[in-house]
Amino acid sequence: VLLKPDAPPPKVLGWKLWPTAIPQYELGHLEILQELEQAESQVPGLWVCGNYRTGVAFPDCVTFGYEQAKKVAAFVKGEDSNEPPTAATSEDNND
């Protein structure tokens, strides 16, 4: 998967298809995330959530969903502004 447009061409030595493997992000994914964050910062009450934000592994999805639900609940109660979602880091998962 190429995440940089100026990356050297890949060298294919062989391949194996894993039908149940975790998908990888494609070229342009970071730009899409930046556009989502910008839209969310401009529209109070807009949250775009999904596994493409923080990772497709089940623990990442659950953690992100839980954190976003807390932000939405605070917004609905009038306690918080609409903050863009933040990606989970390895430090966040070491609780």
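Position labels on residues start from 1 in each chain and follow its written sequence. With the structure being a predicted model, the display of local features is reserved for residues of pLDDT at least 70 and the display and counting of side-chain atom pairs for 80 or more, all residues being used for whole-chain, interface and lining totals. Hydrogens and water are ignored here; the side-chain numbers use all heavy atoms of the structure.

A few points about the confidence of the model for the protein chain
A score from 0 to 100, pLDDT tells how confident the predictor is in each residue. Confidence in the prediction of the protein chain, expressed as mean pLDDT, is 78, and 80% of residues score 70 or more. Between the elements of the protein chain, mean pLDDT differs from a low of 83, seen in helix α2 (residues 51-54), to a high of 92, seen in helix α1 (residues 29-42). Long-range and interchain partners of residues 88-95, a stretch whose pLDDT sits below 50, account for five contacts in this model, where long-range means more than four residues apart. A helix here means a DSSP run of H or I that spans at least four residues, while a strand means a run of E at least two residues long, and both kinds are numbered starting from the N terminus. Contact between two residues is taken to exist if any of their heavy atoms lie within 4.5 Å; hydrogens are not considered.

Details of the environment of Ala69
Mapped onto the fold, Ala69 is located in helix α3 (residues 58-76). A relative accessible area of 44% means that Ala69 is categorised as partly exposed. Sequence spacing of Ala69 and Trp47 is 22 residues, and the spatial spacing of their C-alpha atoms is 9.9 Å. Relative accessible area decides the class of each residue, using a 1.4 Å probe on protein chains only: under 20% of the type maximum gives buried, over 50% gives exposed, and in between gives partly exposed.

Description of the packing of aromatic side chains
The pairing test for Phe, Tyr and Trp rings, Trp by its six-membered ring, is centres within 6.5 Å, and the orientation test on the planes gives stacked under 30 degrees, edge-to-face over 60, and tilted for anything in between. Taken as a whole and assessed by the stated rule, the structure comprises one aromatic pair. Summarising the aromatic geometry, the rings of Trp47 and Phe75 are spaced 5.0 Å apart at their centres and angled 80 degrees between planes, so their arrangement reads as edge-to-face. Here the residue Trp47 occupies a position in the loop between α1 and α2, and Phe75 occupies one in helix α3, the gap between them amounting to 28 residues. Residue Trp47 is classed as buried on the basis of its relative accessible area of 17%.

Here's the deal with α3
For a helix, the expected span equals 1.5 Å multiplied by the number of residues minus one. Over its 19 residues, α3 runs 27 Å from end to end, which matches the ideal 27 Å to within 8%, given 1.5 Å per residue. Of the residues making up α3, those classed as buried are Asp60, Phe64, Gln68, Lys71 and Ala74. Around the axis of α3, the buried residues are gathered within 115 degrees of arc, so they sit on the same side. In α3, the exposed positions that point more than 90 degrees away from the buried face belong to Phe58, Pro59, Tyr66 and Val76. Elements that come into contact with the buried residues of α3 comprise α2. Just past α3, the residue Gly78 takes up positive phi, approximately 80 degrees. Starting at the helix axis, one direction is taken to each C-beta atom, and the arc is that of these directions.

A look at α1
Its 14 residues give α1 an end-to-end C-alpha distance of 20 Å, which sits within 8% of 20 Å, the value for a rise of 1.5 Å per residue. All buried positions along α1 are accounted for by His29, Leu33, Leu36 and Glu40. Relative to the axis of α1, the buried residues are bounded by an arc of 60 degrees and lie together on one face. With respect to the buried face of α1, the exposed residues turned more than 90 degrees away are Gln34, Glu35 and Gln42. Lining the buried residues of α1 we find α2.

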